[in-house]
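Breakdown of the fold
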Amino acid sequence: MTEFEMIAKTFQGLEEILAKELIDLGANGVAIGNRMVSFKGDKALMYKANFHLRTAIRILKPFLHFKADSADDVYEICRKVDWEKYMDLSDSFAVDSVVYSEDFRHSKFVAYRVKDAIADYFRDKYGKRPNVSVANPDLTFHIHISHDDCSLSLDSSGESLHKRGYRQEAMEAPLNEVLAAGMILMSGWDGKCDFVDPMCGSGTIPIEAALIAKNMAPGLFRSSFAFEKWKDFDRDLFEEIYNDDSQERDFEFTIRGYDKDPKAILTAKRNAKAAGLLDTIRFEQRDFKDFEPVKQRTVIITNPPYGERLVEDNLLGLYEMIGERLKHALIGGEAWIISYHYECFDKIGLKPSAKIPLFNGALPCELRKYEIFDGRYNDFRGGDRRLKKDDLPTRRSSTLRHKARLAEKQEAKEADKPLRKTDERKPFRKADDHKPFRKAEGGKPFHKSDGKKPLRKNESGAKPFRKSEGGAKPFRKTDKKPFRNNRK
Ligand SMILES: C[S@@+](CC[C@H](N)C(=O)[O-])C[C@H]1O[C@@H](n2cnc3c(N)ncnc32)[C@H](O)[C@@H]1O
């Protein structure tokens, strides 16, 4: 099959882990960019990328690169594209745009001009224009402009790939599935020991962990991908990829999810049930302060409240308790904690062995790694859990910190401001549209809101794919029914 160029988009901080996923999937020419990874592959790889990647939010297929320095230029070039290669008059379409250019101040205007070009192409030929649909288009085109470099792409994913399809309900402040999976992959946890999220909320981290442990594709529960509406959709090929469970594996350890809120546990169970993982994950209502010492090696990955969206009466006290529990109950294990305020990390009172800058939505956060030794430090380092010098998270952390420092230097230069001293207690980055870590005031919570919102509905509205909770596999080869009929 012919190879072509593709772009996998992701969140800032997850680019390297996404590149690794792509290489493992067989992609060629993998190159890391800002919140994206470019790669080459054939149609099968495009289907696999959508179906298997855990840390991509969408896969674009560029089909035209050109130079332009005005929206009118873009229109003229787009008028000459043979749009019927991609869509028919009866198809609805949408255009989205990302613009980094002085010449194009309004990215929406560029998108309008591309829409005009497509509409005029069809009107000239058939006297009619195709419908534009924002909510549910048959095809989405994407225009990306950097200075005067323009690229037109087809969006092969449709809804963001973080919408796996298993989420029935969310508690307040659920972690994005792509971020959760990225954190687990960065930790190196691959199902070879026990796993706990002691503050699991709606269960995103344990569910993503179970998918990783069993090597199940995150796309199994999606009702559709945009490429299924493309003119060249190869149904047999996708069916083959969808039905291939040869890489799935058994998981022999335990994954547990705790939360002090009974509603969270109920929600987590519903979500896990929709993913057919209720037998794999043990959810229990429990306060982290009652976390009992682990009996075998355990990895904790967790997303405690930051006091931003979730109200917490004694936020700093919570982090103090987390530190105390880790120190006494996680001997020989490691914990990965994502949080927003340096003061919270300080309260944990343990020395992190890695600090990885990550964005949780618009919040510049950090994922910190804590290794809990039992005093026999040398024994621990000598085992198969030996810390490696080229440990990915550590490398990633310093790289990003370096990049952030360079960006900050540039920013300071532009603003003609003195550069602040490197200070562990200050934020790594100060992207203009993001708030830095904030100072706690007298141990008060950081939250702005004053109450919890009601449970939210499943964002995709998609039905759970699997009904059984007995770890039943989704529709497979052996089923007599037609491909994915049971998802409708
Ligand atoms: C930011 S939310 C976690 C969101 C979760 N990762 C998700 O995707 O839904 C933090 C969770 O910590 C829980 N929590 C707060 N204090 C706790 C404690 N002492 N013990 C256990 N859970 C706690 C809250 O109930 C809340 O569900």
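Residues numbered from 1 in each chain as written. Predicted model: local features only at pLDDT ≥ 70, side-chain atom pairs only at ≥ 80, totals over all residues.

**A short note on the environment of Asp72**
The residue Asp72 is located in helix 3 (residues 71-79) in this model. Linking Asp72 and Ala117, residues 45 residues apart in sequence, is a C-alpha distance of 9.9 Å. (Helix = DSSP H or I, 4+ residues; strand = E, 2+ residues; numbered from the N terminus.)

**Here's the deal with the sheet that holds strand 15 (residues 363-371)**
Across the sheet, which stays open at both edges, the 7 strands sit in the order 11-10-9-12-13-15-14 with mixed pairing between neighbours. Of all strands in the sheet, those bounded by a partner on one side alone are strand 11 (281-285) and strand 14 (354-360). The average angle at which neighbouring strand axes cross in this sheet is 20°, direction not considered. Note that strand 13 (residues 334-339) and strand 15 share 6 bridges and pair antiparallel. By the bridge assignment, Glu334 is partnered in strand 15 with Glu371. This element, helix 5 (residues 177-187), spans strand 12 (298-302), strand 13, strand 14 and strand 15 of the sheet and lies at about 150° to strand 12. Packed on one face of the sheet, helix 6 (residues 204-213) meets strand 9 (194-197), strand 10 (255-259), strand 11 and strand 12 and runs near 175° to strand 10. (Pairing = 2+ DSSP bridges. Axes fitted to C-alpha atoms, helices over the stretch in contact; angles between N-to-C directions. Contact = placed C-beta atoms within 7 Å.)

**What to know about the sheet that holds strand 4 (residues 58-67)**
If you trace the 7 strands from one edge of the open sheet to the other, you get 2-3-1-4-7-6-5, paired in mixed fashion. Strands with a single pairing partner mark the edges of an open sheet, and in this sheet they are strand 2 (28-32) and strand 5 (93-100). Pairs of neighbouring strands in the sheet enclose a mean axial angle of 25°, with direction left out of account. With 8 bridges connecting them, strand 5 and strand 6 (residues 139-146) associate as parallel partners. If you follow Ser97 over to strand 6, its bridge partner there is Ile143. Together, strand 1 (4-9), strand 2 and strand 3 (36-41) form the strand contacts of helix 1 (residues 15-25), whose direction differs from that of strand 2 by roughly 175°.

**Overview of the environment of Ala19**
Looking at the element boundaries, Ala19 is found in helix 1. A count of 21 C-beta atoms within 10 Å places Ala19 in the buried class. Residues Ala19 and Val30 lie 11 residues apart in sequence; the distance between their C-alpha atoms is 6.5 Å. Not counting residues within four places of it along the chain, the set of residues in contact with Ala19 comprises Val30, Ile32 and Val37. (Buried ≥ 20, exposed ≤ 12 C-beta atoms within 10 Å, placed from the backbone.)

**With respect to the site of the ligand**
What surrounds the ligand is a group of 24 residues, the closest being Pro174, Met199, Gly201, Ser202 and Thr204. Those elements giving two or more residues to the shell around the ligand turn out to be helix 6 and strand 10. Grouping the constituent residues of the shell around the ligand by class yields 15 nonpolar, 4 polar and 5 charged. (Near = placed C-beta within 6 Å. Nonpolar A, V, L, I, M, F, W, Y, C, P; charged D, E, K, R; others polar.)

**A look at helix 1**
All of the buried residues in helix 1 are Glu15, Glu16, Ile17, Leu18, Ala19, Glu21 and Leu22. A positive backbone phi angle near 100° is found at Gly26, which sits one or two residues after helix 1.

**Considerations on the packing of helix 5 against helix 6**
Two numbers describe a pair of packed helices, the interaxial angle and the distance between the axes. The N-to-C vectors of helix 5 and helix 6 enclose an angle of 60°; their axes lie 9 Å apart at closest approach. Put simply, helix 5 runs oblique to helix 6. When the axes of helix 5 and helix 6 are compared, the crossing they make is right-handed. Where helix 5 abuts helix 6, its residues Glu177, Ala180, Ala181 and Ile184 lie against Thr204, Ile205, Glu208, Ala209 and Ile212. For the contact of helix 5 with helix 6, the residue count by class is 6 nonpolar, 1 polar and 2 charged. (Parallel < 35°, antiparallel > 145°, perpendicular 65-115°, else oblique. Left-handed = near helix turned anticlockwise from the far one by under 90°.)

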